[in-house]
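Here is how the chains run, residue by residue.
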Amino acid sequence: MKYTDILTAMVLLGDALAMELPAKVRAETCLMRAHYAKGIKEWETVREQIATDNPPKSGDERTDEENDALNELLTAKADEEAALERRHYSAEAFVELCGACPHDVVRRRGRKPEEDVLIPAAAWLDAVTATLMEEA
């Protein structure tokens, strides 16, 4: 499981928790978030180490070129395997999640209401299927 998968899983699980979910789905969602939070903590540690290992050449501020180089390192690292096993929704919980999902759009909450993003429900469910379901 890559760090990018962990980050994606946490976003999707957060979206799900914003919905009115049956108890089984809410429980599985909370348990998966607790599991993936370990991967987020690991990612934060890795990210901080990369930033520490690549300080600005002069002063406290990185140049645009230094920021670009740091972002390239972070992007490459995010695509590496993390020391965390993948967790999935059960088939029963997924069916209930599909039933609880709005038919038109899923609202991804931003920090402020004007930062909310509306995602087509079908695209959101595709992402959940790809990220949080076991392959058949």
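Residues numbered from 1 in each chain as written. Predicted model: local features only at pLDDT ≥ 70, side-chain atom pairs only at ≥ 80, totals over all residues. Heavy atoms only, no water.

## A few points about the overall build of the protein
Counted only if it meets this: Helical segments are the DSSP runs of H or I of at least four residues, strand segments are the runs of E of at least two, and each set is numbered from the N terminus. Burial classification: accessible surface area is computed with a 1.4 Å probe over protein chains only, and a residue below 20% of its type maximum counts as buried, one above 50% as exposed, and the rest as partly exposed. Residue contacts are counted whenever heavy atoms from the two residues lie within 4.5 Å of one another. For every accessible area listed, the method is Shrake-Rupley and the probe measures 1.4 Å; residues are considered covered only by the protein chains on display. Charge assignment: positive for Lys and Arg, negative for Asp and Glu; neither His nor the chain ends contribute. The location of each charge is read from NZ of Lys, CZ of Arg, CG of Asp or CD of Glu.
In terms of regular secondary structure, the protein is built from five helices and two strands. Across the 136 residues that make up the protein, the buried fraction comes to 31%. In the protein, 70% of the contacts between residues at least 6 apart in sequence involve partners at least 24 apart. When the accessible surface of the protein is totalled, it reaches about 8700 Å², and 52% of it is carbon and sulfur. Between the averaged position of the 17 positive side-chain charges in the protein and that of its 28 negative side-chain charges there is a distance of 5 Å.

## Observations concerning helix H4 (residues 91-100)
Filter applied, for reference: Working definition: the arc comes from the directions between the helix axis and the C-beta atoms, pointing outward to the latter.
Taken residue by residue, H4 has Ala93, Phe94 and Leu97 as its buried positions. Down the axis of H4, the smallest arc covering the buried residues is 100°, so these residues share one side. Among the exposed residues of H4, those oriented more than 90 degrees off its buried face are Glu92, Val95 and Gly99. Those residues of H4 that are buried are in contact with helix H1 (3-17), helix H2 (23-53) and helix H5 (121-132).

## With respect to a negative patch on the surface
Note the threshold: Residues forming no salt bridge and having over 30% relative accessible area are the ones grouped into patches, like charges within 9 Å of each other and nonpolar side chains (Val, Leu, Ile, Met, Phe, Trp, Tyr) within 5 Å. In what follows, salt bridge is the name for a side-chain nitrogen of Lys or Arg lying within 4 Å of a carboxyl oxygen of Asp or Glu.
On the surface, a cluster of negative charge is made up of Asp64, Glu65, Asp68 and Glu72. Turning to its location among the elements, aspartate 64 is positioned in helix H3 (residues 64-78).

## Focus on the nonpolar core
Inclusion rule: Nonpolar cores were defined as sets of buried Ala, Val, Leu, Ile, Met, Phe, Trp, Tyr and Cys residues, with membership established by side-chain atoms within 4.5 Å.
Grouped together as the largest cluster of nonpolar side chains are 34 residues, with contacts concentrated most on Tyr36, Tyr89, Leu97, Trp124, Val128 and Leu132. If you list the elements that add at least two residues to this core, you get H1, H2, H3, H4 and H5. If one sorts the elements of this core by residue count, H1 sits on top with seven residues. Not counting chain neighbours up to four residues away, the residues in contact with tyrosine 89 comprise Leu13, Ala16, Val25, Glu28, Thr29, Met32, Phe94, Leu97, Val128, Leu132 and Met133.

## Some thoughts on the side chain of aspartate 15
Here aspartate 15 lies in helix H1. With near-sequence residues (within four places) excluded, aspartate 15 lies in contact with Val106, Arg108, Ile119 and Trp124.

## Structural notes on the packing of aromatic side chains
The cut-off we apply is this: Pairing of aromatic rings covers Phe, Tyr and Trp, the last counted by its six-membered ring, and requires centre-to-centre distances within 6.5 Å; plane angles under 30 degrees mean stacked, over 60 mean edge-to-face, and any other angle means tilted.
Taken as a whole and judged by the stated rule, the model has one aromatic pair. Pairing tyrosine 3 with tryptophan 43 gives two aromatic rings, centres 5.2 Å apart and planes at 45°, and the pair type is tilted. Taken as a pair, tyrosine 3 in helix H1 and tryptophan 43 in helix H2 lie far apart in primary sequence, 40 residues in all. Pair check on accessibility: tyrosine 3 and tryptophan 43 agree, each one buried.

## Some words on the pattern of salt bridges
According to the stated counting rule, one finds nine salt bridges in the structure shown. A salt bridge links arginine 86 to aspartate 5, with the shortest nitrogen-to-oxygen separation between them at 3.2 Å. With a gap of 81 residues between them, arginine 86 in the loop between H3 and H4 and aspartate 5 in helix H1 connect regions that are remote in the sequence. Overall, the relative accessible area of 31% leaves arginine 86 in the partly exposed class. A salt bridge links lysine 77 to glutamate 80; the shortest N-O distance between them is 2.8 Å. By sharing partners, the salt bridges in this structure join Arg107, Arg109 and Asp116 into a single network.

Any functional reading would require information that these geometric values do not contain.
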